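# Topology and contacts: notes
The chain contents come next:
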Amino acid sequence: MKSTQTDLNRSILHQLPLATALVDTSFSLIDASDTWHHIFEATVDTSNPNSIFTFFEDHEGCTSELLEQYLIGNDIRTIRHKKVGTENTIWLESTFAPWFDQNDKIQGTIIQTKDIAREIRKDIELEKIKELFEATSEVSRIGSWEYSLETEKLSWCPMTKQIHEVPENYEPTVAEAIEFYKQGYSRNKISMLFHKVLQEGSSFHERLQIITQKGEERWVAAGGKAIKKDGEIVKIFGTFQNINAQVVAEKRTKESERLLTTLIDNLPINVFIKDKDSRKILVNKAECDYLDTTPNTLIGKTDFELYDENVAQISREEDLEVMRSLKPMLGEETINVKKDGKITHFLTSKIPLLDMDGKAYGLIGMSMDISNLKQKEEQLRNLINVTAIQNKKLINFAHIVSHNLRSHSANFSMLLEFLIKEEDPNEKERILKMLSSASDNLLDTLENLNEVVDISTNVNLDKKSLNLNEAICRVAQNLSAFLEKNKVELVNSIAKDLKVMSVPAYLESILLNLMTNAVKYRHPLRDPKILLQATIEEEGIEFIIQDNGLGIDLERYGDKMFGMYKTFHNHKDARGLGLYIIKNQIEAMGGQITVASMVNKGSTFKVFFNGKNE
Amino acid sequence: MEKMNSIFIIDDDPITVFGIKKMLKATVECSEIKDFHNGKKAMEQLRYDIENGVPAPEVIFLDINMPIMDGWEFLEAFLKLRIEEKVIINVITSSIDPSDYQKWNDFRLNCLHYLNFKNKPIFKIEATDLKRINLAS
């Protein structure tokens, strides 16, 4: 009966689907299922063929010592081992459980073994993924964190810990993790975001500041995403990245950009950047102010849309040359004419902008308004001219004075010398007469010189608006006898109300001299005819007096026409002073006098009265 | 006393003309002393003389500042005339303008005639004003 029972048991054991073996306390195999034998092939050991150790001999992962320990233990233990074959390796897991009889006495050990190839493969894969993940995290410096809702446990990856500057064994709580964020915006924000992701499962990615364990402030990019299982949030997974260098660099770039913008905008120089087609792609405040508009309206515009066409064309040619030659144009004086005709003088520089290949893709332009300087320069040049002319006049005048006075004094000395030596009373009388005439001449000369000096030294000219016709009438009135005697025909076509700016006495002197000259140098074969005209010019009035007299050979005398003591006709009244004086008077009033003449035809004098009151 | 045939005085100042004539009388015996108020008048006379085979004057006293045709213009025209004889020309001026002296010097170097430069006042007619003294002989 007992034997039948044992047989039955054995039969069951043999057929068990799970590989099972029974081992007695002396470590001998009592029996095992077929499946077990299939896995464990006993090596031939003649001395003790049933020793359990022989079955494990060719297995790695379980030495005899380890096996013995498991076999005599009182609890259930599991061991992993593998059987390395020539073609493949079989991964196994054996569980050792003590075997008791009815009296709780240990009879031996039950060993159950299963093939765990799948689990192992999964483990290996997991390990690989983990390694890959860690490597990725390390290379990309992106850390990660995980929060389990079930355990309420937060875990940081090594990179995240590194970023926080905490030791590797540091385990944070959620509250502690939040504490790392900088007080204020960053901490409030992360609290809010974390709360939201927990509640609503919304993901986030934010740039925030933390203060590391070591007290360093740094920018991080923190992201979070809820992991759901069956519609329930079970985990929050997140990334954590140190972006401090990036943010700092960005900030620095922004700061230097702002610095540059501030600088460019506040430069008292027009700055602009143009593209290849000379379109403006950047303008500073000064340029906008100059063109009286906003940057937005200027950007994309070319010079042709802003300036006079000729000016724009010149500018475009400069642009092309700079971009072609790659040589900057520096400090060139340029003239800009806006659409409204306003002219500005600039000192302009254009510098080519090069791309990575060294080709120009545009240029930077800088223009300094030098209109004021230009104007001053112009004034200075005028002043120099005036001074040079004055100087020349002065030297000329000095020579005239010296010549005239010397010639008289020379006559005096000569005559006196004669007088002393002369004994003939008749001749003495004659010399005395000569002396007296020399003295008269000297007085005349002095008077003439005085007249000239008067004009030249009269700095405070009091110009008045005078009716030209009335002045002409007055002069004609004074000359009426003279004009009548010479049968002069006077044709006056000057408007009745025309006014000129002049010193009253000068106007009279000018008209008197020119009208007398026109008659004085009349042609012997015809009656004098004088035409009087006037035209209104931009800056004053031009008075024209035309006669039909002798005329002057201007090629011969042109440069001497208005000189002192120059006479060109054999006329007894020619003093050689009238034109010299009126020229001085006209020029003293900011005007000018010119002459056109043909011998035997007549002369035309043009007098310009400057309308400005200086 | 030196003997001469013809002397021209070209000056618009009657006092100077009077003075030169007076001084000439004391130094030279000249049958013909002519005076002109300006260069043009003198030039007309010279042209007339050449046409009629009258010899050119031996000495000319020439003022610079004159109306119509001044001394320089006269000199320029004179140099163009066909005159074989060498004429002594005394340029007389009261000018102390250095440019006048410079001009005289330019003329002197570029003409065949003898040119002297005399500043007013003149008290005496020098021998060299009338005759070229050949120092080499």
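Residues numbered from 1 in each chain as written. Chains lettered and ligands numbered in written order. Predicted model: local features only at pLDDT ≥ 70, side-chain atom pairs only at ≥ 80, totals over all residues. Heavy atoms only, no water.

## Remarks on the overall build of chain B
A count of helical and extended segments in chain B gives 4 helices and 5 strands. Scanning chain B from its N terminus toward the C terminus, one meets helices and strands in the order β-α-β-α-β-α-β-α-β. The proportion of buried residues among the 137 residues of chain B is 53%. Carbon together with sulfur atoms contributes 50% to the accessible area of chain B, which is approximately 7,100 Å² in total. (Helix = DSSP H or I, 4+ residues; strand = E, 2+ residues; numbered from the N terminus. Buried < 20%, exposed > 50% of the residue type's maximum accessible area, 1.4 Å probe, protein only. Areas by Shrake-Rupley, 256 points an atom, 1.4 Å probe, with all protein chains shown as cover.)

## Examining the sheet that holds strand 3 (residues 59-63) of chain B
Residues and elements named next belong to chain B. Ordered by their spatial adjacency, 5 strands build an open sheet running 2-1-3-4-5, and the pairing between neighbours is parallel. Pairing within the sheet leaves two strands with one partner each, and these edge strands are strand 2 (28-36) and strand 5 (114-119). In this sheet, adjacent strand axes meet at a mean angle of 20° when their direction is disregarded. Alignment of strand 1 (residues 2-10) against strand 3, held across 4 bridges, turns out to be parallel. If you follow Ile10 over to strand 3, its bridge partner there is Leu62. (Pairing = 2+ DSSP bridges. Axes fitted to C-alpha atoms, helices over the stretch in contact; angles between N-to-C directions.)

## Looking at the confidence of the model for chain B
Residues and elements named next belong to chain B. Of all residues in chain B, 96% have pLDDT values of 70 or greater, and the mean over the chain is 86. The spread of mean pLDDT over the elements of chain B runs between helix 4 (residues 98-109), the lowest at 87, and strand 3, the highest at 92. Model confidence for the complex is summarised by a pTM of 0.48, with the ipTM given as 0.81. (pLDDT = per-residue confidence, 0-100.)

## Quick look at the side chain of A:Asp547
Residues and elements named next belong to chain A. Following the sequence through the fold, Asp547 ends up in strand 21 (residues 540-547). No salt bridge is formed by the buried Asp547. Its closest oppositely charged neighbour is Arg526, at 7.2 Å. Polar side-chain contacts of Asp547 include one of 3.0 Å to the backbone nitrogen of Gly549. Apart from residues no more than four positions distant in its own chain, Asp547 is found in contact with Ala518, Lys529, Lys601, Gly602 and Ser603. (Lys, Arg positive; Asp, Glu negative; His and termini not counted. Salt bridge = Lys/Arg side-chain N within 4 Å of Asp/Glu carboxyl O. Polar contact = N/O pair within 3.5 Å; in protein donor to acceptor, adjacent residues only side chain to side chain. Contact = heavy atoms within 4.5 Å.)

## Focus on the interface of chain A and chain B
Size of an interface, as often reported, equals the accessible area lost when the parts are brought together. Counting residues at the interface gives 27 residues for chain A and 26 residues for chain B. Both sides together, the interface formed by chain A and chain B hides about 2,300 Å², and carbon and sulfur atoms give 58% of it. Sorting the residues of chain A by area buried against chain B places A:His403, A:Arg406 and A:Met414 first, and these three jointly supply 24% of that buried surface. In this structure, the connection of chain A to chain B is made through 2 salt bridges. The partner of B:Lys22 in a salt bridge is A:Glu422, with the nearest N and O atoms 2.5 Å apart. The interface formed by chain A and chain B holds 6 residue pairs in polar contact (both at pLDDT 80 or more) in total. Going through the elements one at a time, helix 14 (371-421), helix 15 (425-457) and helix 19 (554-557) of chain A are the ones with two or more residues in the side of chain A that touches chain B. No other element matches helix 14 of chain A, which puts 12 residues into the side of chain A that touches chain B. Within the side of chain A that touches chain B, the residues separate by chemical class into 9 nonpolar, 10 polar and 8 charged. (Buried area = accessible area lost by both parts, 1.4 Å probe. Nonpolar A, V, L, I, M, F, W, Y, C, P; charged D, E, K, R; others polar.)

## Observations concerning helix 16 (residues 468-478) of chain A
Residue and element names in this part refer to chain A. Among the residues making up helix 16, those that are buried are Leu468, Asn469, Ala471, Ile472, Val475 and Ala476. All buried residues of helix 16 lie within an arc of 160° about the axis, which places them on one face of the element. Set apart from the buried face of helix 16 by more than 90 degrees, the exposed residues are Gln477 and Asn478. Residue Asn467 occupies the N-cap position of helix 16, its side-chain oxygen lying 2.9 Å from the main-chain nitrogen of Asn469. (Arc of directions from axis to C-beta.)

## Brief notes about the packing of aromatic side chains
Residue and element names in this part refer to chain A. Under the defined criterion, the tally for this structure stands at 20 aromatic pairs over all chains. On the numbers, 6.4 Å between centres and 35° between planes, the contact of Phe56 with Phe96 is tilted. On the criterion of sequence distance, the pair formed by Phe56 in helix 3 (residues 52-56) and Phe96 in strand 5 (residues 89-100) is long-range, its members being 40 residues apart. You'll find Phe56 and Phe96 in the same group, each marked buried. (Phe/Tyr/Trp six-rings, centres within 6.5 Å; stacked < 30°, edge-to-face > 60°.)

## A word on the nonpolar core
Residue and element names in this part refer to chain A. Formed by 49 residues in total, the largest nonpolar core has its most connected members in Ile510, Leu514 and Phe543. Taken together, the elements giving at least two residues each to this core come down to helix 14, helix 15, helix 16, helix 18 (504-520), strand 20 (529-536), strand 21, helix 20 (578-588) and strand 23 (602-610). Among the elements that make up this core, the one with the highest residue count is helix 18 (8 residues). Other than its neighbours up to four places away in sequence, Phe543 contacts Leu468, Ile472, Ile494, Leu511, Leu514, Leu532, Gln533, Ala534, Phe605, Lys606, Val607 and Phe609. (Core = buried A, V, L, I, M, F, W, Y, C linked by side-chain atoms within 4.5 Å.)

## Focus: the sheet that holds strand 23 of chain A
Residues and elements named next belong to chain A. Spatially, 18-20-21-23-22 is the arrangement adopted by the 5 strands of the open sheet, whose pairing is mixed. Looking at strand neighbours, the two that pair on one side only are strand 18 (489-492) and strand 22 (592-598), the edges of this open sheet. Going across the sheet, the axis of each strand differs from the next one's by a mean of 15°, ignoring polarity. Of the strand pairs in this sheet, strand 21 and strand 23 are connected by 7 bridges, and their pairing is antiparallel. When the sheet's bridge partners are listed, Glu542 is paired in strand 23 with Phe608. On the sheet, helix 16 packs against strand 18, strand 20 and strand 21 and is oriented at approximately 170° with respect to strand 18. Where helix 20 meets the sheet, it contacts strand 22 and strand 23, and its direction lies at approximately 140° from that of strand 22.

## So, the environment of A:Ala19
Residue and element names in this part refer to chain A. Its location among the elements puts Ala19 in strand 1 (residues 19-24). Ala19 sits in the buried class, given a relative accessible area of 3%. Taking the C-alpha atoms as reference points, Ala19 and Gln112, separated by 93 residues in sequence, lie 5.6 Å from one another. Not counting chain neighbours up to four residues away, the residues in contact with Ala19 comprise Ser33, Thr35, Trp36, Ile39, Ile111, Gln112 and Thr113.

## Some details on unusual backbone geometry
Cis geometry is adopted by the peptide bond preceding B:Pro121, which originates at B:Lys120 and carries an omega value of -5°. In this structure, B:Pro121 sits in the segment after strand 5. Positive phi is not limited to glycine here, since A:Phe27 has a value of about 65°. When you line up the elements, A:Phe27 lands in the loop between strand 1 and strand 2 (29-32). At A:Asp230, a position not held by glycine, the phi torsion is positive, near 55°. Its relative accessible area of 78% is what places A:Asp230 among the exposed residues.

## Describing a nonpolar patch on the surface
A grouping of A:Leu380, A:Leu383 and A:Ile384 is seen on the molecular surface, where their side chains present a nonpolar patch of about 310 Å² in accessible area. For A:Leu380, a relative accessible area of 52% translates into the label exposed. (Patch = residues over 30% accessible without salt bridge, like charges linked within 9 Å, V, L, I, M, F, W, Y side chains within 5 Å.)

## Side note on the pairing of strand 2 of chain A
Bridge count between strand 1 of chain A and strand 2 of chain A: 3 bridges; the pairing is antiparallel. Residue A:Val23 lies in a different strand from strand 2 of chain A, and its bridge partner there is A:Leu29.

## Quick look at the environment of A:Trp145
Residues and elements named next belong to chain A. As for its placement among the helices and strands, Trp145 is situated in strand 7 (residues 142-148). Owing to a relative accessible area of 10%, Trp145 belongs among the buried residues under this scheme. On a C-alpha basis, the gap between Trp145 and Trp156 in space is 4.5 Å, while along the polypeptide they are 11 residues apart.

## Some thoughts on the packing of helix 16 of chain A against helix 18 of chain A
Relative placement of two packed helices is described by the angle separating their axes and the distance separating the axes. Residues and elements named next belong to chain A. Two numbers describe how helix 16 lies on helix 18: the axes approach to 10 Å, and their chain directions differ by 55°. Between helix 16 and helix 18, the interaxial angle falls into the category oblique. For the pair helix 16 and helix 18, the crossing hand works out as right-handed. Each of Leu468, Ala471, Ile472, Arg474, Val475, Ala476 and Asn478 in helix 16 lies in contact with helix 18, whose residues at this interface are Leu507, Glu508, Leu511, Leu512 and Met515. Considering only residue class, the contact of helix 16 with helix 18 consists of 9 nonpolar, 1 polar and 2 charged. (Parallel < 35°, antiparallel > 145°, perpendicular 65-115°, else oblique. Left-handed = near helix turned anticlockwise from the far one by under 90°.)

## Quick word on the pattern of salt bridges
Taken as a whole, this structure holds 37 salt bridges over all chains when the rule is applied. Each of A:Lys274, A:Lys280, A:Glu287, A:Asp303, A:Glu318, A:Asp319 and A:Lys350 takes part in a single network of salt bridges with overlapping partners.

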